[in-house]
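# Descriptive structure summary
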Amino acid sequence: MINSIIDSISIALNAEFGDRYKNYKEEKKQDLEEPCFFIQCLNPTQRLFLNKRYFRKNQFCIQYFPETGDKNEECLAVAERLLECLEYLTVNSDLVMGTKMHYEVIDGILHFFVNYDMFVYKIAETVPIMEEVSAETSVKGQVIT
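Quick caveat: nothing in here was measured; it's all calculated off a predicted structure. (Residues numbered from 1 in each chain as written. Predicted model: local features only at pLDDT ≥ 70, side-chain atom pairs only at ≥ 80, totals over all residues. Heavy atoms only, no water.)

This part is about the overall build of the protein. When helices and strands are tallied, the protein shows two helices and ten strands. Walking the protein from its N terminus toward its C terminus, one meets helices and strands in the order α-β-β-β-α-β-β-β-β-β-β-β. The principal-axis extent of the C-alpha atoms belonging to the protein is close to 100 × 25 × 25 Å. Scored against the burial criterion, the 145 residues of the protein give a buried share of 32%. (Helix = DSSP H or I, 4+ residues; strand = E, 2+ residues; numbered from the N terminus. Buried < 20%, exposed > 50% of the residue type's maximum accessible area, 1.4 Å probe, protein only.)

Here it is as structure tokens:
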């Protein structure tokens, strides 16, 4: 599920910013092509809600690495666009709303946080049902079926 959300975030970023902005799903220490985004999931949790229904909290951090010398100005402009384009995502043909959006610029890099929380259902395996059962016992010499 988390990989599907990351793919949907990447699709939304590509639709908003185009092919010039690269999206990374794995951290790269070197050869980072700026401007680019790095998408990661932070601390996902799951909690049993009712029966086979679970509530999953998925917090994501999208880091933006700017290309210009005016890093703060560029980061703030990108953050405004991220607020719009990441509000709703289509994940596995379901519409998911981004919540708890906030951002900060640290050392010239934008850190944009968003949650995609959702309920999931675990479907139990179906066990074949016995068609017919018969039993025979005897009590004091009398046969009971």
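Within the secondary structure, Ser8 is located in helix H1 (residues 2-17). Of the residues examined, Ser8 reaches a relative accessible area of 8% and is grouped as buried. The contacts of Ser8, once residues within four sequence positions are left out, are Leu89, Thr90 and Val91. (Contact = heavy atoms within 4.5 Å.)

The next thing to look at is the environment of Val105. Turning to its location among the elements, Val105 is positioned in strand S6 (residues 99-106). A relative accessible area of 27% places Val105 in the partly exposed class. Distance from Val105 to Leu76, taken between C-alpha atoms, is 8.0 Å for residues 29 residues apart in sequence. When near neighbours in sequence (up to four residues on either side) are disregarded, Val105 contacts Asn72, Cys75, Leu76 and Leu110.

Per the counting criterion, the structure on display carries three salt bridges. The shortest N-O distance in the salt bridge between Arg81 and Glu16 comes to 3.0 Å. Remark: Glu16 occurs in helix H1 and Arg81 occurs in helix H2 (residues 71-85); sequence separation between them is 65 residues. Arg81 sits in the partly exposed class, given a relative accessible area of 34%. Glu16 sits in the partly exposed class, given a relative accessible area of 32%. (Salt bridge = Lys/Arg side-chain N within 4 Å of Asp/Glu carboxyl O.)

Remember, this is a structural readout, not a statement about activity or role.
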